[in-house]
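Chain by chain, the residues:
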Amino acid sequence: MIYNKTLNLTDYAFLPEIQDIKFIHKLLVDKGVANRFEHHHRAWEYGLALHALKANNATTILDVGGGGSIFAPTAAWCGMQVIQVDPEGYGHWAKEQEQVILRTLPYVQVDFFDYQDDTKYDAVTAISVIEHVERDHDFML
């Protein structure tokens, strides 16, 4: 699956997945659950990713480096099975998020280079991650 697009403000009006992102963000905030939603354009990034996943009938997702974001809980809420792999300690956030959305959000705290799993996924997401990876060339292989 190849999908790319530059930001267009009209996307906010026609991508229903952006509304899903905003809904889950509000739900988590209203319940006092921590999440990473640092910039307004995250709704666009995550919504566009969800839109592409849905368009390609992806249901099993490996989310690399997205720990604590609202992408995984929103994807899970939309019916996808998402496992998060992140070197940071956001596992407690994933547990809190899954209690609010009533979906399972597996979280593995490990560097992606050390992650070992034979599971086949429909898609791998790494949203706003590459700028944090020192060995970016190896990451892309």
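Parameters at a glance
Residues numbered from 1 in each chain as written. Predicted model: local features only at pLDDT ≥ 70, side-chain atom pairs only at ≥ 80, totals over all residues. Heavy atoms only, no water. Helix = DSSP H or I, 4+ residues; strand = E, 2+ residues; numbered from the N terminus. Buried < 20%, exposed > 50% of the residue type's maximum accessible area, 1.4 Å probe, protein only. Contact = heavy atoms within 4.5 Å. Axes fitted to C-alpha atoms, helices over the stretch in contact; angles between N-to-C directions. Parallel < 35°, antiparallel > 145°, perpendicular 65-115°, else oblique. Left-handed = near helix turned anticlockwise from the far one by under 90°. Nonpolar A, V, L, I, M, F, W, Y, C, P; charged D, E, K, R; others polar. Pairing = 2+ DSSP bridges. Expected span 1.5 Å × (residues − 1). Arc of directions from axis to C-beta.

**Q** How do you make sense of the overall build of the chain when you look at a structure like this?
**A** Looking only at helices and strands, the chain features six helices and four strands. In the chain, the succession of α and β elements from N to C terminus is α-α-α-β-α-β-α-β-β-α. Going through the 141 residues of the chain one by one, you find that 43% of them count as buried. Residue pairs in contact within the chain that sit at least 24 positions apart in sequence constitute 62% of those at least 6 positions apart.

**Q** Can you help me understand the packing of helix α2 (residues 16-30) against helix α3 (residues 41-55) in this one?
**A** A packed helix pair is summarised by two numbers, namely the angle formed by the two axes and the spacing between the axes. Interhelical geometry of α2 versus α3 gives an angle of 125° and a closest axis separation of 8 Å. By the angle between their directions, the pair α2 and α3 is classed as oblique. Here the hand of the crossing between α2 and α3 comes out right-handed. Of the residues in α3, those in contact with E17, I18, D20, I21 and K22 of α2 are A43, W44, Y46, G47, L50, H51 and K54. Of the residues that constitute the contact of α2 with α3, the class distribution is six nonpolar, two polar and four charged.

**Q** Explain the side chain of D20 to me, please; I cannot follow it from the model alone.
**A** Tracing the sequence through the fold places D20 in helix α2. Here D20 is in contact with K54, T74, W77 and C78, once residues within four sequence places are set aside.

**Q** What exactly am I supposed to notice about the sheet that holds strand β4 (residues 123-125) here?
**A** Strand pairing in a sheet relies on backbone hydrogen bonds, with the paired strands running either antiparallel or parallel. Pairing within the open sheet is parallel, and its four strands lie in the order β3-β2-β1-β4. Each edge of the open sheet carries a strand with a single partner, namely β3 (107-109) and β4. Along the sheet, successive strands turn relative to each other by an average axial angle of 20°, direction set aside. In terms of strand pairing, strand β1 (residues 60-64) meets strand β2 (residues 81-86) through five bridges, oriented parallel. By the bridge assignment for β2, L62 is matched with I83.

**Q** How should I be thinking about α2 in this particular structure?
**A** An α-helix turns once per 3.6 residues; consequently, residues spaced three or four apart project the same way. Over its 15 residues, α2 runs 21 Å from end to end, which matches the ideal 21 Å to within 8%, given 1.5 Å per residue. Regarding α2, the residues found buried are E17, I18, D20, I21, I24 and L28. Taken around the axis of α2, the buried residues stretch over an arc of 155°, which confines them to a single face. When the buried face of α2 is taken as reference, the exposed residues oriented beyond 90 degrees from it are K26 and D30.

Such coordinate-based values are descriptive only and should not be taken to indicate function.
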